[in-house]
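# Descriptive analysis of the structure
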Amino acid sequence: MGTEAKLRWGILGPGRIAQAFAGGVARSRTGRLVAIGTRDASRPGLAEAFPGARIHAGYEALLADPEVDAVYIATPHPAHVAWGVRAAAAGKHVLCEKPMGINAAEAAVLVGAARRAGVFLAEGYMYRAHPQTKRLAELVRGGAIGEVRMIQASFGFAARFNPDHRLFANDLAGGGILDVGGYPVSIARLVAGAAAGKPFLDPVRVVGAGHLGRTGVDEWTAAVLEFPGGVVAQVATGVSLALENTVRIFGTEGRIEVASPWFCSGKEGGTGTIVVTRPDGTAETVTIEEPGWLYAFEADAVGDAVAAGERESAFMSLADSLGNLKAMDAWRAAIGLEYGIETSARRAGAAGG
């Protein structure tokens, strides 16, 4: 694909995740970064962090740029849907950093807007586009450990408490579930689906327990997801507790362990491993040698889909994203976690109805 044919990306919001994605685009087959939109164009280091990109003062200016084909939304969680809807209305394809919305109902608004506008939309769970994740699904689907019975997955880290930081701020939809809890939920749904020969499965029941901190967000929490057919998943997350950040799958003929399920073979390429252990204790290591950058796979998945005229991704469909958020909604409900913006919206709806 020549330079002129490449998908021209704009990034809305210049934070750390935006820089990681920009690095992936720079090493992708299908895309190139042409612009970023920021509320503070005078912020030091922008040109160095996003080399070669035009710097637009304000998000609206980015959406008005005729040389931008696709927008990566990297704002704080509560702004994802609003800016995704505006990007779609401007005729831009959209890759929205997870979560697509703070709840499933909100995300459905963005899905509807993208469909009406006829643009591509996907949620940025980058690990889903990596070859390691595809290989894991193949192993499960092929019966490598017999019938799947239980899944264990976690993603948590210990951040320094700061009530004003987005991780701990209720008004920014902070806490573990929305920040990284969607990863273990999504891989549990992926594995349960693969075991049933489907792209994903949604749980029929979600129960959970967790600790809500002084700012009213989940600092550590765990849940059990029950799937059709009796598969059970144990998932955990947190922003104040470092967890194993691994995935284990237990079946009737052994178990599978993925030591690095979220960053796979590394953000900048490397070696990933999937260990299959038999009932007699013998183990086989499936090695994934991958020089490609993690976020480059995501960028190329979008680029390939757009070039093919598709309007959603193969690595995580829109139905998959909405199902994931419904499971996360149930997890939050189980531990009593609600954001102030949701409370306000519900009250406004009741007053208007």
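Here is what the cut-offs are and how they apply
- Residues numbered from 1 in each chain as written.
- Predicted model: local features only at pLDDT ≥ 70, side-chain atom pairs only at ≥ 80, totals over all residues.
- Heavy atoms only, no water.
- Helix = DSSP H or I, 4+ residues; strand = E, 2+ residues; numbered from the N terminus.
- Buried < 20%, exposed > 50% of the residue type's maximum accessible area, 1.4 Å probe, protein only.
- Pairing = 2+ DSSP bridges.
- Axes fitted to C-alpha atoms, helices over the stretch in contact; angles between N-to-C directions.
- Contact = heavy atoms within 4.5 Å.

A word on unusual backbone geometry. Negative phi characterises most residues that are not glycine, and trans characterises most peptide bonds. A cis geometry characterises the amide bond from K98 onward to P99, with omega recorded as -10 degrees. Position of P99 among the secondary structure elements: in the loop between β5 (93-97) and α5 (104-117). Positive phi outside glycine occurs at A173, with the angle close to 55 degrees. Checked against the element boundaries, A173 lands in the loop between β7 (148-156) and α7 (176-195). Judged by relative accessible area, which is 0%, A173 ranks as buried.

This paragraph deals with the sheet that holds strand β13 (residues 270-277). What the eight strands build is an open sheet, ordered β8-β9-β10-β7-β11-β12-β13-β14; its pairing is mixed. Strands with a single pairing partner mark the edges of an open sheet, and in this sheet they are β8 (205-212) and β14 (283-290). The average undirected angle you get between the axes of adjacent strands in this sheet is 10 degrees. Here strand β9 (residues 218-226) runs beside strand β10 (residues 232-238); their pairing, made up of seven bridges, is antiparallel. In the strand pairing of β10, L225 is matched with A233. Packed on one face of the sheet, helix α6 (residues 131-141) meets β7, β11 (247-251), β12 (254-258), β13 and β14 and runs near 15 degrees to β13.

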